[in-house]
Structures are given as C-alpha cells and as structure tokens.
Amino acid sequence: MSLKSDGSYESAVSIAKTIAQFLDIPYFANKSEAPTSTLDMKIMANREPGQSSWQYLENQVELLQQQLEHHPNDPDIHQNLGISLYYLNKCIHRKKAVTHLQQAERLFESREDSDRAAIARVMTALVSWNY
C-alpha cells in the first residue's frame, strides 16, 4: 500500500499516533517520553463515577450516532463510531464498524485527504481481519 504524504515529520508522526491509538498500544515519539493516552486512559478520564468502560462506550456510540444524523458526511464521526463499535464488542459490532470505517475512507478520499483515507483503510483491514 502506498501512503501519500506531504513528506513532513509532523504528518508521519500524526499517522503513527492515530494507528497506535486505534490499536490501543503506546506510542513513543521519543524513547525517554511516556506513552500517549490509550483508549483505556481516555475512558478512565472521561467516564462518570461508577460507570463501567462498556457503559461509557455505549454512551459514546449513542452520542456519535446522534451526531451522524445531523452530519452524515463527516468522516471523523464515521471513523470514531467505527472505532467505538469495534471496541464496544469486537464480534457483534464488527460489521457495523467496518461499514463506518469504509464510509470514513470514502469521505476522506472525496475531500482529497489521502493520509486520513489511508489510515481509515488500514483500520478497516485490521477490524476485518478474521471476519
């Protein structure tokens, strides 16, 4: 797969961080720095007291679906919904996750944002694996 980029360091770092965040693995921009936030850290920081991770994700999915009703052509909402559905229940929601990630890829391509389209394509492949 060919990834079109402007060739800048910042663009490469942005792509690496996005993929690392999706895979829920630490990203080290510098060996001496601490890893960036993972999904679990984000959930812990944003969930209500007593709320489980799954309840938080269910609320996020509902919120993103509402946002999608008002902004059906927003690739970021499709991408975030695809990722949230994937993590909410990797088996049950995988088909929905793939659908939203594919839509995000098409929308990013229509906006000529080839880097973000490539990231969505990679995430679609990862979610689809063993589908």
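See above for the structure.
The rules behind these values
- Residues numbered from 1 in each chain as written.
- Predicted model: local features only at pLDDT ≥ 70, side-chain atom pairs only at ≥ 80, totals over all residues.
- Heavy atoms only, no water.
- Helix = DSSP H or I, 4+ residues; strand = E, 2+ residues; numbered from the N terminus.
- Expected span 1.5 Å × (residues − 1).
- Buried < 20%, exposed > 50% of the residue type's maximum accessible area, 1.4 Å probe, protein only.
- Contact = heavy atoms within 4.5 Å.
- Salt bridge = Lys/Arg side-chain N within 4 Å of Asp/Glu carboxyl O.

Because an α-helix completes one turn every 3.6 residues, residues spaced three or four positions apart along the sequence face the same direction. The end-to-end C-alpha distance of helix α5 (residues 94–110) is 24 Å, a good match for the 24 Å that 17 residues give at a rise of 1.5 Å each. The complete set of buried residues in α5 reads Arg94, Ala97, Val98, His100, Leu101, Gln103, Ala104, Glu105, Leu107 and Phe108. Summarising the contacts, the buried residues of α5 are in contact with α3 (53–70), α4 (75–88) and α6 (114–128). Immediately downstream of α5, the backbone of Glu112 shows phi near 60°, a positive value.

Time to look at unusual backbone geometry. If you check the backbone angles, Glu112 has positive phi at about 60° while not being a glycine. With respect to the helices and strands, the residue Glu112 is situated in the loop between α5 and α6. By relative accessible area, which is 73% here, Glu112 ends up exposed.

Tracing the chain through its elements places Ser53 in helix α3. Remark: the alpha-carbon pair of Ser53 and Lys42, spanning eleven residues in sequence, is separated by 10.0 Å. Discounting chain neighbours no more than four positions away, the residues touching Ser53 are Ile43 and Arg47.

Next up on the list: the pattern of salt bridges. On inspection of all chains with the given rule, the structure shows three salt bridges. Where Glu109 meets Arg121, a salt bridge forms, and the shortest distance between an N and an O atom there is 3.1 Å. Residue Glu109 is located in helix α5, and its partner Arg121 is located in helix α6; the two are separated by twelve residues in the primary sequence. For Glu109, a relative accessible area of 40% corresponds to the partly exposed category. Owing to a relative accessible area of 30%, Arg121 belongs among the partly exposed residues under this scheme. Residues joined in a network through salt bridges with shared partners are Glu105, Glu109 and Arg121.

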